[in-house]
Amino acid sequence: MNDWPEDGGHGRNANSQPEGARRMRHVQRPQAPQQPQHGYDQGYGQDQGYNPNFTQAQGSGYDSGYSSGQVYGGPQGGRQGGGAQGGGPGNVPPYSPQGPGRPAPDWRKRAKIGSIVLAVGVLAWGIGTYAWASSQMRNEVDLSKVIERPSEGDCTTYLIVGSDSREGMSAEDKKKLHTGSAEGKRTDSMMILAACSSGNTMVSLPRDSWVTIPSFVGSESGKQYPARGGSKLNAAYAMDGPELLVRTVEFNTGLRIDHYAEIGFAGFANIVDALGGVELNIEKGFKDKKSGADFQAGEQTLNGEQALAFVRTRYAFAESDFARTKNQQKFLSALANQAATPGTILNPFALYPTLGAGLDTLIVDKDMSLYDLGKMFFAMKGISGGNGKSMNMPLAGSAPQNSYKWDMQKVKQLVEQIRNDEKVTVESNR
């Protein structure tokens with residue numbers, strides 16, 4: 001039998017196609033080898049010798065069509081074929097300004113961390129400042145000793161007192177500030193500040209107001225004292241200090257006082273100087289030898305000495321005490337407006353000297369916190385910004401000893417509006 005094909009021994013028949021045109025049988029390509037666990041892999045198996053038939057295409061699973069030669073630019077970070085980690089030409093990482101192999105910085109993450117660090121720092125600074133300032137406050141007035149008090153109202157009320165205390169002043173200071181050298185201390189000015197949601201109200205109380213000093217328990221002795229009719233308001237402070245003054249104001253007005261704040265001459269001047277002066281518009285110039293006042297009309301910045309002269313002057317005005325109380329209200333509002341600004345509160349170089357100058361000489365009640373003090377300043381600031389009004393206590397005429405009677409009908413209406421947090425519509429006649 002002839003085993004040769006009938007095509008004449010050429011290995012073809014009539015229907016055959018050229019060998020090259022026939023479909024090649026599918027050849028299963030070998031799977032890419034497992035990543036080596038250690039070391040450099042270039043045609044070596046683990047614990048095996050060199051394999052000369054191992055190609056990079058076999059290592060990466062990619063067939064470039066070449067039977068031999070290096071393939072550059074393999075997948076980043078792999079260990080296939082022609083290089084070790086970050087080293088060989090077969091494993092070139094993309095360009096990074098941080099250096100080869102380093103990831104680009106995550107700026108969002110960095111910004112978030114920076115914000116958190118800043119917030120924690122500001123919070124820690126705020127807590128530290130609050131704790132320090134609270135420790136400097138002189139909570140000396142005990143309002144729990146005040147008897148027979150009126151019921152509480154809807155507004156927060158403050159009795160703000162400027163005393164003629166010369167505490168801590170040298171002889172040179174007294175001469176410079178024109179304070180004289182009287183011993184002890186008396187009230188130089190008094191005003192009620194009502195912080196209300198309907199609007200803030202500042203009411204000055206003439207120190208020569210003709211009032212009744214009610215029965216009271218001595219703040220130091222604990223003894224009961226009888227009422228004393230027909231006295232000037234500032235006599236209450238001279239008799240038994242802040243507690244009796246609060247008792248007298250409450251008895252004659254029917255308004256409960258929530259907090260008490262008092263500052264002397266030196267403390268007042270020091271606060272103004274710590275703020276770098278207070279800007280004020282003086283409508284009409286005036287002079288006064290007793291207070292040392294000498295002002296021209298117009299916008300100007302008052303230092304501590306000038307500010308004290310401004311709020312103490314009364315003999316230069318025809319209205320005397322009434323003109324002075326208006327100047328006091330005007331200046332306190334300007335002072336609060338400048339103190340309660342971001343430039344002061346957020347600047348430690350301004351905040352700490354201001355707090356240090358004021359808290360050392362500011363005497364407050366035992367229940368008054370730094371928050372309450374801040375609320376008081378912002379209420380005064382609100383008045384200067386138009387959120388509220390300032391006025392003198394309504395008067396009905398003169399009384400003995402060059403004193404003044406209150407218009408009790410208007411006083412009662414004023415107190416009711418403050419107690420009920422209503423807009424104050426009562427007007428003063430001075």
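Before reading on, note that the structure itself is shown above.
Thresholds, definitions, all that
Residues numbered from 1 in each chain as written. Predicted model: local features only at pLDDT ≥ 70, side-chain atom pairs only at ≥ 80, totals over all residues. Heavy atoms only, no water. Phe/Tyr/Trp six-rings, centres within 6.5 Å; stacked < 30°, edge-to-face > 60°. Helix = DSSP H or I, 4+ residues; strand = E, 2+ residues; numbered from the N terminus. Buried < 20%, exposed > 50% of the residue type's maximum accessible area, 1.4 Å probe, protein only. Lys NZ or Arg CZ within 6 Å of the ring centre and 35° of its normal. Salt bridge = Lys/Arg side-chain N within 4 Å of Asp/Glu carboxyl O. Axes fitted to C-alpha atoms, helices over the stretch in contact; angles between N-to-C directions. Parallel < 35°, antiparallel > 145°, perpendicular 65-115°, else oblique. Left-handed = near helix turned anticlockwise from the far one by under 90°. Contact = heavy atoms within 4.5 Å. Nonpolar A, V, L, I, M, F, W, Y, C, P; charged D, E, K, R; others polar. Pairing = 2+ DSSP bridges.

Colleague: Go over the packing of aromatic side chains, please, and point to the residues and values.
Modeller: As enumerated under the stated definition, the model contains 8 aromatic pairs in all. Residues Phe268 and Phe331 carry aromatic rings whose centres are separated by 5.5 Å and whose planes lie at 50° to one another, so their mutual orientation is tilted. Separated by 63 residues along the polypeptide, Phe268 in helix α5 (residues 265-274) and Phe331 in helix α7 (residues 321-339) bring together distant segments of the chain. The two residues Phe268 and Phe331 agree in class, both being buried. Between Phe310 and Phe331 the ring centres are 6.3 Å apart and the planes differ by 45°, which places this aromatic pair in the tilted class. Residue Phe310 is located in helix α6 (residues 304-312), and its partner Phe331 is located in helix α7; the two are separated by 21 residues in the primary sequence. By relative accessible area, Phe310 is classed as buried at 2%. One aromatic cluster is present, formed by Phe268, Phe286, Phe295, Phe310, Phe317 and Phe331 through successive ring pairs. Here Lys290 stacks its cationic end above the ring of Tyr315, 4.4 Å away from the centre of that ring.

Colleague: Describe the pattern of salt bridges, naming the residues involved and giving the relevant values.
Modeller: For the structure shown, the criterion picks out 9 salt bridges. Here Arg256 and Glu152 are joined by a salt bridge, their closest N and O atoms 3.9 Å apart. Taken as a pair, Arg256 in the loop between α4 (233-253) and β9 (259-263) and Glu152 in the loop between β1 (138-141) and β2 (156-163) lie far apart in primary sequence, 104 residues in all. For the salt bridge of Asp208 with Lys232, the shortest nitrogen-to-oxygen distance reads 3.8 Å. In this pair, Asp208 is assigned in the loop between β4 (200-204) and β5 (210-213) and Lys232 in strand β8 (residues 228-232), connecting sequence segments 24 residues apart. Here Asp208 falls in the buried class, since its relative accessible area comes to 13%. A single network of salt bridges, built from pairs that share partners, joins Arg314, Asp321 and Arg324.

Colleague: How would you summarise the packing of α5 against α6 if you had to cite specific residues and measurements?
Modeller: Viewed as axis vectors pointing N to C, α5 and α6 meet at an angle of 125°, and their least axial separation amounts to 8 Å. The angle between α5 and α6 falls in the class oblique. Every pair of crossing elements has a handedness; the one defined by α5 and α6 is right-handed. Touching Phe265, Phe268, Ala269, Val272 and Asp273 of α5 are Gly304, Ala307, Leu308, Val311 and Arg312, all from α6. Of the residues belonging to the contact of α5 with α6, the class tally is 7 nonpolar, 1 polar and 2 charged.

Colleague: Account for the sheet that holds strand β3 (residues 187-195), naming residues and giving values.
Modeller: With mixed pairing, the 7 strands of this open sheet are ordered in space as β1-β14-β9-β2-β3-β4-β15. Every interior strand has two partners, whereas the edge strands, β1 and β15 (388-392), have only one. When strand polarity is set aside, the average angle formed by the axes of neighbouring strands in this sheet is 25°. One ladder, built from 8 bridges, connects β2 with β3; its direction is antiparallel.

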